[in-house]
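Here's the letter readout for the chains.
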Amino acid sequence: MAPTNSKAKVTKINHTPRLTLQCKPIAKDTTTIRSLDWDRSRFDIEFGLRNGTTYNSFIVEGEQTALIDTSHSKFLNTWLPLLKQQVDPSSIRYLIVSHTEPDHSGLIGDLLELNPDIEICASKIAIQFLENQIHRPFNSRAVKSGDQLDLGINPSSGIAHQIEFFTTPNLHWPDTIFSFDHGTKVLYTCDAFGLHYCSNDVFDDDPKAIAPDFRFYYDCLMGPNARSVLQALKRIKKLSEIKTIAVGHGPLLQHHLNLWLNNYFEWSNQRSKNESYVAVCYFSQHGYCDQLSQAIAVGISKAESQVQLVDLRASDTQELTSLISDASAVVVPTWPSQHNIDLQSSIGTLLAALKQKQWVAVYDAYGENDEPIDRIANQLRSLSQKEAFAPLRVKKTPDGNTYQYFEEAGTDLGQLLNRKKNIAAMKSLDGDLDKALGRLSGGLYVITAEQGEGLNQRRGAMIASWVSQASFNPPGLTVAVAKDRAIETLMQVGDRFVVNVLKQDNYQSLLRHFLKRFPPGADRFKGVNILKDIALGGPVLNEALAYLSCRVEKRLEGPDHWIIYGIVEQGNIADAEGRTAVHHRKVGNHY
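I will try to describe carefully the structure that is included in this document. What you see is a predicted model; the values in this text were computed from it and never measured. (Residues numbered from 1 in each chain as written. Predicted model: local features only at pLDDT ≥ 70, side-chain atom pairs only at ≥ 80, totals over all residues. Heavy atoms only, no water.)

Details of the overall build of the chain
The following threshold applies: Labels follow the DSSP assignment, with helices taken as runs of H or I lasting at least four residues and strands as runs of E lasting at least two, numbered in each case from the N terminus. The globule rule is 2.2 Å times the number of residues to the power 0.38, and the radius of gyration it is compared with is taken over C-alpha atoms. Exposure classes here rest on a 1.4 Å probe applied to the protein chains alone. A residue is buried below 20% of its type maximum, exposed above 50%, and partly exposed in between. Every residue pair with non-hydrogen atoms within 4.5 Å of one another is taken to be in contact. Counted as positive: Lys and Arg. Counted as negative: Asp and Glu. His and the chain ends are not counted at all. All charge positions are set by atom: Lys at NZ, Arg at CZ, Asp at CG, Glu at CD.
Looking only at helices and strands, the chain has 15 helices and 30 strands in total. Whereas a compact globule of 591 residues would reach a radius of gyration of roughly 25 Å, the chain reaches 26 Å, a difference of no more than 12%. Reported as C-alpha extents along the three principal axes, the dimensions of the chain are approximately 80 × 60 × 45 Å. For the chain, with 591 residues in total, the buried portion stands at 55%. Of all intrachain contacts in the chain linking residues separated by at least 6 positions in sequence, the fraction that spans at least 24 positions is 71%. Positive and negative side-chain charges of the chain, numbering 62 and 66 respectively, have mean locations separated by a distance of 7 Å.

See below:
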């Protein structure tokens, strides 16, 4: 293909990320300090962000003052001065740590420098994590569900601020707690109900604007723990009233609470309907376990299979035994070659709970001095387990390609577990109806997408025939993408992709290439002639009849496909007389 006057000019500009702060009252005696990270484009490396993010902390002033969470360390030079404008750090009696992920706890050490007498209230495991994180002594109180912290009555408002704690492990870290102020009816949930969305709106004023990011955040971080989400919802349902959900990321939820709560219930309930699930195990704060296990879990979920993340460090013996023995498949990480008694006990419980002929797999946690991955894989085989996928090896610091590799392995496992169910669904369709549906024809296209650069570059491609023009002004089209397609991750709202139109008399080789089953992490473009930097969004195939570069404007969820609506931004044709290849099916229940 030799397009003219269409080459995308990409100018790289190095600039300082835009970081701002916002300080607003959200309830009586309650103030939020929101750290706005406008330009952050990735979170935990594997999840692309389209609208930046925020890190929210809160000041609650009763007779005594409590601070709920801090901020990311990148805000060190601005967050602490703003905090001092609101309250004297020496007067802060308590620091409630919702969980210890660095974006919420990055300034705890600096706060302790200002006030070493602060008492940190957190889950037992969070306190253990902090001991290894801030490397200094501190006062602490381990809290669990039902425990309360009395801040007393604010002398100005007359409101009694009584904080009740709820243990909510796996949302999405094992050390997470919720905190509820009975005086203001504000529920502090940290990651749960949050979204990566940076704007000056303190609250959920525009639900339509934030809904796609709210769903994307749920799918990536909360969906793999749907069972834990339902347990948390049961606990907070017992509260008399909730006026505000003060989240750790994005706008606070106040104006449309029923919408967001119902979304979480419906999505989690749907994911938990199937009793069959995959237990993806990890060791919190060990190597890259947290991120790599999330990538596997997201891949499994894309195949419409259920998944449960299991922290081997935090789960008690009874819970761990139940989660492992009831799972259809179990994925485990490499573990430290030198481990303490607690870790040894967890590993022993894990191995004892495995059942014969259960699907199992192992992945490299890329921690220091781990047991060799082949030794663990052989140990699992000796227990008469079935290998779900080949050991996932990590030979360098995990990057975008690594996470894509792990996600695709998870999707393959999900498809493996759903094979019988999918075959049964195909056979259940009425024969005449099946043949009639098959008479719907469409063109043949290769959809390509690309994100990132260098080591963090992620690329994908797929054959598509369900492509249709959807609007004139602006020019737009729709593409139906199966939920278990690897490329679906690269086609979120705001992302770009390319539609390569295949030519009628010259498409067979490309069709055969892109229809074959690629192993996880494989380069879809190996052996294919492509043109780089021609279109925004992805590679252009040299043999394509035409191409269209599109930006994702909306996504509509169907039962097994996403309908992607894209605005066409660029396009060119190589042969004005050429015709589009057409795909004729015989049946309508599969491709």
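Section: the nonpolar core
Note on soluble globular proteins: their nonpolar side chains tend to be buried together. Put simply, the rule is: Here the nonpolar core consists of buried residues drawn from Ala, Val, Leu, Ile, Met, Phe, Trp, Tyr and Cys, with membership extended through side-chain atoms lying within 4.5 Å.
One finds Phe 193, Met 222 and Tyr 264 to be the most contacted residues of the largest nonpolar core, which totals 52 residues. With eight residues, the single largest contributor to this core is helix H5 (residues 207-222). When near neighbours in sequence (up to four residues on either side) are disregarded, Phe 193 contacts Phe 214, Leu 233, Ile 236, Ile 245, Val 247, Leu 253, Trp 260, Leu 261 and Tyr 264. The next biggest cluster of nonpolar side chains, apart from the first, holds 49 residues, and it includes Ile 296, Ala 327, Leu 392 and Val 394.

Considering the pairing of strand S23 (residues 467-471)
Residues in a regular strand project their side chains so that they alternate between the two faces of the sheet. Quick note on the threshold: The pairing criterion for strands is at least two bridges between them, as found by DSSP.
Judged from the four bridges that link them, S23 and strand S24 (residues 476-482) form a sheet pairing that is antiparallel. Along S24, the bridge assignment pairs Val 467 with Val 479. Between S23 and S24, which follow one another and run antiparallel, lie four residues.

Side note on the sheet that holds strand S5 (residues 53-61)
Rules: For helices, the axis comes from a line fit to the C-alpha atoms of the stretch in contact; other axes are also lines fit to C-alpha atoms, and the angle between any two N-to-C directions lies between 0 and 180 degrees.
A sheet is described by the order of its strands in space; here seven strands give the open sequence S1-S2-S5-S6-S7-S8-S9, paired in mixed fashion. For this open sheet the edge positions go to strand S1 (19-27) and strand S9 (139-142), each flanked by a neighbour on one side alone. Direction aside, neighbouring strands of the sheet carry axes that sit 20° apart on average. One ladder, built from four bridges, connects strand S8 (residues 119-122) with S9; its direction is parallel. Looking at the pairing, Glu 119 lines up with Asn 139 of S9. Here helix H1 (residues 76-86) sits on the sheet in contact with S1, strand S2 (30-37), S5, strand S6 (65-68) and strand S7 (92-96), set at roughly 30° to S1.

Comments concerning the sheet that holds S24
With respect to topology, seven strands assemble into an open sheet ordered S22-S21-S25-S28-S29-S24-S23, the strand pairing being antiparallel. The open sheet has two free edges, formed respectively by strand S22 (458-464) and S23, since each of these has just one partner strand. Between one strand axis and the next, the sheet turns by 35° as a mean value, whatever way the strands run.

Thoughts on the environment of Gly 348
Tracing the backbone shows Gly 348 in helix H10 (residues 341-353). For Gly 348, a relative accessible area of 32% gives the class partly exposed. Between the C-alpha atom of Gly 348 and that of Phe 193, which follows or precedes it by 155 residues, the distance is 35 Å.

With respect to the packing of aromatic side chains
Centre distance and the angle of the planes are the two values used to describe a pair of aromatic rings. Spelled out, the test is: Aromatic rings from Phe, Tyr and Trp, with only the six-membered ring used for Trp, were paired whenever their centres fell within 6.5 Å, and each pair was classed as stacked if the ring planes differed by under 30 degrees, edge-to-face if by over 60, and tilted otherwise. Remark: a charge is flagged as sitting over a ring if the NZ atom of Lys or the CZ atom of Arg is within 6 Å of the ring centre and within 35 degrees of the ring normal.
This structure, assessed with the given rule, holds twelve aromatic pairs. Ring centres of Tyr 218 and Tyr 264 lie 5.0 Å apart, and the angle between their planes is 65°; on these two criteria the pair is classed as edge-to-face. Placement of the pair is Tyr 218 in helix H5 and Tyr 264 in helix H7 (residues 257-272), with a sequence separation of 46 residues. Under the relative-accessibility criterion, Tyr 218 is labelled buried at 0%. Aromatic pair Phe 514 and Phe 525: ring centres 6.2 Å apart, planes at 70°, arrangement edge-to-face. Taken together, the positions of Phe 514 in helix H15 (residues 508-515) and Phe 525 in the loop between H15 and strand S26 (530-531) put the pair eleven residues apart, joining distant regions of the chain. The burial state of Phe 514 is the same as that of Phe 525; both residues are buried. Seen from the ring of Trp 267, Arg 215 lies directly overhead, with NZ or CZ sitting 4.5 Å from the centre.

Quick look at the side chain of Thr 244
Convention followed: N or O atoms closer than or at 3.5 Å make up a polar contact, with two conditions inside protein: a donor-capable atom paired with an acceptor-capable one, and, for residues adjacent in sequence, both atoms drawn from side chains.
The topology assignment puts Thr 244 in strand S14 (residues 244-247). At a separation of 2.9 Å, a polar atom in the side chain of Thr 244 contacts the side chain of Gln 254. With residues near it in sequence (within four places) discarded, Thr 244 still touches Lys 185, Val 186, Leu 187, Phe 203, Leu 252, Leu 253, Gln 254 and Leu 257.

Regarding H15
To keep things clear, this is the line we draw: The arc refers to the directions leading from the helix axis to the C-beta atoms.
Listing the buried residues of H15 in full gives Leu 510, Leu 511, His 513 and Phe 514. Buried positions in H15, seen along its axis, are confined to an arc of 165° and lie on one side of it. Projecting away from the buried face of H15 at angles above 90 degrees are the exposed residues Arg 512 and Leu 515. For H15, the secondary structure elements touched by its buried residues are strand S21 (445-451), S22 and strand S27 (540-541).

Here we look at unusual backbone geometry
Between Asn 473 and Pro 474 the backbone carries a cis peptide bond, its omega angle lying at 0°. With respect to the helices and strands, the residue Pro 474 is situated in the loop between S23 and S24. Phi is positive for Asp 69, which is not a glycine, with a value near 70°. When its relative accessible area of 4% is taken as the criterion, Asp 69 is described as buried. With a phi angle near 55°, Cys 190 is a residue other than glycine that sits in the positive phi range. Among the secondary structure elements, Cys 190 is positioned in strand S13 (residues 186-190). For Cys 190, a relative accessible area of 2% gives the class buried.

Things to note about the state of the cysteines
Quick reminder of the rule: Cysteine sulfur atoms are paired as a disulfide whenever they fall within 2.5 Å.
Counted under the stated rule, the structure contains zero disulfides. Note on Cys 121: no disulfide assigned, nearest cysteine sulfur contributed by Cys 190 at a separation of 15 Å. On the basis of relative accessibility, which here comes to 0%, the residue Cys 121 falls in the buried class.

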